[in-house]
Amino acid sequence: MTTATAPASGPATQGRGPGLGNLMLSEWTKIRSVRSTVWSLAILVVLTLVFTALFMEMGIANWDKTDASQRAEMRLDPTGTILGSGILLSQLAVCVLGVMAIASEYSTGMIRASLLAVPRRVPVLAAKGTVFALLVLAVGEVTAFGSFFIGAPILHGKAPVAIGDPGVLRAVVGCGLYLALLGLFALAVGAIIRHTAASITVVIGFVLVITPMAGLLPGSVGEHVHAWLPTQAGFMITQQHSRAGDVLGPWQGLGVLALWTAVLLAVAAVQLRRRDA
């Protein structure tokens, strides 16, 4: 009777592969062992804080020369002004790292070892995405809070703002959430295209080319197309207050970015199951 029971290491268990927790630990080990990723994130934080301080100092130095409408906008939304000063550098770095987190494994062939260990494959993508998103979320929150507490004292004389003011804490915390979702968005693109250079080109194209160009489209159709693009929509969460002409609110915008990311991750999961590495 005892011979009828399969041992714990039998074919059934091997078919399931390691659990999600073990896969996440493995992915964390990969990220931590790649010095370029660790240093890139550390430099990202430092440079973002430095650029925030520089842009805020420049804004104050040129306050009297600034257009009255721009001064009014800074007074209305000082938090968005502070976070927006260094976020461009942050989001570009996160996009590149998100792509490289998975596309580089396809380029080197390392992904094959992971997929051989996990026949169902999709848990590999889930673990990789979860670990990367949590890492970017932590770094993003440090960067966002650091930027705010550097920029707020500089702006205090012209546009005072405190962390307890309405909409401020949501905007600062939301900045980290935005970067984490953007990192997942980039990772999903990398998983679909599977080529580092091409994936980076596509993601950066969304951020630097397609989104600004969509803002030039005429009429209400152009406004809605621009508002529903992933980075433009997600960036709404960093605004302290809604502005005139905004199509989406802060949480609605973040939801749009989350929807874009979820769709791309679903496509990446289906492709991972059907295509060999």
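Rules used in this analysis
Residues numbered from 1 in each chain as written. Predicted model: local features only at pLDDT ≥ 70, side-chain atom pairs only at ≥ 80, totals over all residues. Heavy atoms only, no water. Helix = DSSP H or I, 4+ residues; strand = E, 2+ residues; numbered from the N terminus. Buried < 20%, exposed > 50% of the residue type's maximum accessible area, 1.4 Å probe, protein only. Contact = heavy atoms within 4.5 Å. Areas by Shrake-Rupley, 256 points an atom, 1.4 Å probe, with all protein chains shown as cover. Lys, Arg positive; Asp, Glu negative; His and termini not counted. Charge placed at Lys NZ, Arg CZ, Asp CG, Glu CD. Core = buried A, V, L, I, M, F, W, Y, C linked by side-chain atoms within 4.5 Å. Salt bridge = Lys/Arg side-chain N within 4 Å of Asp/Glu carboxyl O. pLDDT = per-residue confidence, 0-100. Phe/Tyr/Trp six-rings, centres within 6.5 Å; stacked < 30°, edge-to-face > 60°. Expected span 1.5 Å × (residues − 1). Bend = angle between axes of the 7 residues up to and from the residue.

Right, let's get into the overall build of the protein. Along the protein, the regular secondary structure elements total twelve helices and zero strands. The order of α-helices and β-strands along the protein, N terminus first, is α-α-α-α-α-α-α-α-α-α-α-α. Principal-axis analysis of the C-alpha atoms places the extent of the protein at approximately 85 × 40 × 35 Å. Residues counted as buried form 45% of the 277 residues belonging to the protein. In the protein, 79% of the contacts between residues at least 6 apart in sequence involve partners at least 24 apart. Element-wise, carbon and sulfur atoms account for 69% of the exposed surface of the protein, whose accessible area totals about 13,800 Å². Averaging the coordinates of the 18 positive side-chain charges in the protein and doing the same for the 12 negative ones gives two points 16 Å apart.

Attention now moves to the side chain of Gln239. The topology assignment puts Gln239 in the loop between α11 (230-235) and α12 (250-274). In this structure Gln239 touches Asp77, Gly80, Arg170, Ala171 and Asp246, once residues within four positions along its chain are discounted.

The next point concerns the nonpolar core. By size, the foremost hydrophobic cluster in this structure holds 65 residues, and its most contacted members are Ile82, Cys95, Leu125, Phe148 and Tyr178. Elements with a minimum of two residues in this core: α2 (20-33), α3 (35-61), α5 (78-108), α6 (111-117), α7 (122-155), α8 (168-193), α9 (196-214) and α12. Among the elements that take part in this core, α8 stands out by supplying 15 residues, more than any other. What Cys95 contacts, discounting residues up to four positions off in sequence, is Leu182, Ala186, Val203, Ile204 and Val207.

With that settled, consider the pattern of salt bridges. Applying the stated criterion to the full structure yields four salt bridges. Here Lys30 ties to Glu105 by a salt bridge, and the two come within 3.5 Å at their closest N and O atoms. Here the residue Lys30 occupies a position in helix α2, and Glu105 occupies one in helix α5, the gap between them amounting to 75 residues. Taking the shortest distance from any N to any O, the salt bridge between Lys128 and Glu105 comes out at 2.7 Å. Of this pair, Lys128 sits in helix α7 while Glu105 is found in helix α5, placing the two residues 23 residues apart along the sequence. Taking relative accessible area as the criterion, Lys128 reaches 3% and is therefore assigned buried. Salt bridges here are not isolated pairs; linked through shared partners, they connect Glu27, Lys30, Glu105 and Lys128.

Looking now at the confidence of the model for the protein. Confidence along the protein averages 87 in pLDDT terms, with 94% of residues attaining 70 or more. Mean pLDDT across the elements of the protein bottoms out in helix α1 (residues 11-16) (44) and peaks in α8 (96).

For any pair of aromatic rings, geometry is given as the distance between the ring centres together with the angle between the planes. Per the counting criterion, the structure on display carries six aromatic pairs. Ring plane angle 25° and centroid distance 6.4 Å describe the contact between Phe145 and Phe149, whose orientation is recorded as stacked. Residue Phe145 and its partner Phe149 are both found in helix α7; the two are separated by four residues, about one turn of the helix. Through pairs of rings, three or more aromatic residues link up here, namely Phe145, Phe148 and Phe149.

Over its 19 residues, α9 extends 25 Å from the first C-alpha to the last, a length consistent with the 27 Å expected when each residue adds 1.5 Å. Along α9, the sharpest change in direction is near 45° and occurs at Gly205.

Even without being a glycine, Arg121 presents a positive backbone phi close to 70°. By the element assignment, Arg121 lies in the loop between α6 and α7. Even without glycine at this site, Arg194 takes up a positive phi of about 65°. Considering the arrangement of structural elements, one finds Arg194 in the loop between α8 and α9. Residue classification places Arg194 among the buried residues on the basis of a relative accessible area of 11%.

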